[in-house]
Amino acid sequence: MSAEAANPTWRPIGRSDVPAWLELLEAVEAADRENEHPDAQELAERFDDPYVDPARGSLAAFDGGRMVAYHWMKARTAAEPVHEFWQMGGVHPGYRGRGLGTRLLRWAESAAVPLHEERFPGQPLTLTGSCLDGHEASNALFAALGYRRTRWFHDMCLADLSAPLPEASVPEGVVFLPFTPERSEDARLVRNESFRDHWGSTETTPESWAHFTGGSAFRPSVSLIAYEGGEPLAIVLAEEHAGHRLATGKRDLYVALVGTRRTARRRGLAGALLVHVLRKAAAEGFRTASLGVDADSPTGALGLYERIGFRAALTFVSQQKELLPAGDGRPPGTGQALPQA
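What counts, and at which threshold
Residues numbered from 1 in each chain as written. Predicted model: local features only at pLDDT ≥ 70, side-chain atom pairs only at ≥ 80, totals over all residues. Heavy atoms only, no water. Buried < 20%, exposed > 50% of the residue type's maximum accessible area, 1.4 Å probe, protein only. Helix = DSSP H or I, 4+ residues; strand = E, 2+ residues; numbered from the N terminus. Core = buried A, V, L, I, M, F, W, Y, C linked by side-chain atoms within 4.5 Å. Contact = heavy atoms within 4.5 Å. Pairing = 2+ DSSP bridges. Axes fitted to C-alpha atoms, helices over the stretch in contact; angles between N-to-C directions. Salt bridge = Lys/Arg side-chain N within 4 Å of Asp/Glu carboxyl O.

**Q** I'm lost on helix α6 (residues 184–194) in this one. Help?
**A** Since there are 3.6 residues in each turn of an α-helix, residues three or four apart along the chain are aligned in direction. Burial runs high along α6: eight of the eleven residues are buried. Turning to α6, its buried residues are Ser184, Ala187, Arg188, Val190, Arg191, Asn192, Glu193 and Ser194.

**Q** What am I meant to see in the nonpolar core here?
**A** For soluble globular proteins, the rule of thumb is that nonpolar side chains tend to be buried together. In terms of nonpolar packing, the biggest core is built from 37 residues, with Leu253, Leu278, Tyr305 and Phe310 touching the most fellow members. Looking at this core, the elements that each hand over two or more residues are β6 (148–158), β7 (174–178), β8 (224–228), β9 (231–239), β10 (252–260), α9 (269–283), β11 (288–294) and α10 (301–308). With nine residues, α9 is the largest single contributor of residues to this core. Phe310 has contacts with Met156, Cys157, Leu158, Leu274, Leu278, Ala289, Ser290, Leu291 and Tyr305, leaving out every residue within four places of it along the chain.

**Q** Just checking my understanding: could you explain the sheet that holds strand β4 (residues 83–91) for this structure?
**A** Within a beta sheet, neighbouring strands are joined by backbone hydrogen bonds and run either parallel or antiparallel to one another. Reading across the sheet, the twelve strands line up as β1-β2-β3-β4-β5-β12-β6-β11-β10-β9-β8-β7 and stay open at both edges, with mixed pairing between neighbours. Across the chains shown, the open sheet's two edge strands, defined by having one partner strand only, are β1 (9–11) and β7. Across the sheet, the axes of successive neighbouring strands diverge by a mean angle of 25°, strand direction being ignored. In the sheet, strand β2 (residues 58–63) pairs with strand β3 (residues 66–74) via six bridges, with the strands oriented antiparallel.

**Q** Any chance you could explain the pattern of salt bridges here in plain terms?
**A** Oppositely charged side chains are able to pair whenever their charged atoms sit close together. Inspection of every chain in the model, using the stated rule, returns 19 salt bridges. Residue Arg96 is joined to Asp32 by a salt bridge in which the shortest nitrogen-to-oxygen separation is 3.0 Å. Of the two residues, Arg96 sits in the loop between β4 and α4 (100–119) while Asp32 sits in helix α1 (residues 18–32), which places them 64 residues apart along the sequence. Residue classification places Arg96 among the partly exposed positions, given a relative accessible area of 35%. Residue Asp32 is classed as buried on the basis of its relative accessible area of 14%. Measuring nitrogen to oxygen at the nearest pair gives 2.9 Å for the salt bridge that ties Asp49 to Lys74. Residue Asp49 is found in the loop between α2 (40–46) and α3 (54–57), and its partner Lys74 is found in strand β3; the two are separated by 25 residues along the sequence. Residue Asp49 is classed as buried on the basis of its relative accessible area, which comes to 9%. We classify Lys74 as partly exposed; its relative accessible area is 29%. When salt bridges with common partners are traced through the structure, they connect Arg219, Glu240, Arg245 and Arg251 into a single cluster.

Structure (structure tokens):
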């Protein structure tokens, strides 16, 4: 460890930092085993997200030219009724226990406020992050800074796409069509309506939808939309992460979105659509599949995935801290000074 480690350099993350950022994330993954394997292209695309402000909503600690800790924030599309400002971060295993994570989270509390007020002036604000449920150090850090554990989410895996899948007949009058640019707005409509009753969900705007569907990981060839009489009813949209394939040697289909409009629920559409997507993926050479699900999903999604063959591999817990309560005004200390060594 160099002498600079005791007095790191702090600055926002820029595009030129992608190689150092990727190296840090690989070190964190090797220690924490969160099954996160982004590649350089995916990291670069994060700078194009319309709901991030890297210059004011990111911060990293550098030991010489080495990134040793980072924090990255993303605004939500609405404050309904609270703006849950999303954050992610990490500290290199060799630099833990030195207060870097604490400094980053404390910085985030001040940095988030002006970014929030530009989008949702006068609305309440909560900082939201997550960590592995069993990661004692991360949970202790959040607790020490006043965060509360609010919700649990499972990362689920289908370990062998060559194994038999359940029968999934298409309901009469329904057709499954591939995702195309012409059908993109139909898919966004289904996504927004189907997630309206999900915990913490806000509507996907045209700008954020374009960022998602235009990303290098999105796979329209294994994404389907269910229609009946020309009306879109359900979606299963998938991604493939090149970094995961490089790290594991396997093609994994990441099921990014599964949704059914309220009026079309209880007809077996989501299950049938998902099974058809998994079969298409197997035919295209994918070997495994994965997805994330709210452990308390109101639509019974967890049970559906288990019936198809998915099993929980990891469990993450959502961590939240209220920064601007409704009607309480702006708290003191909302400047954006960088942490001091």
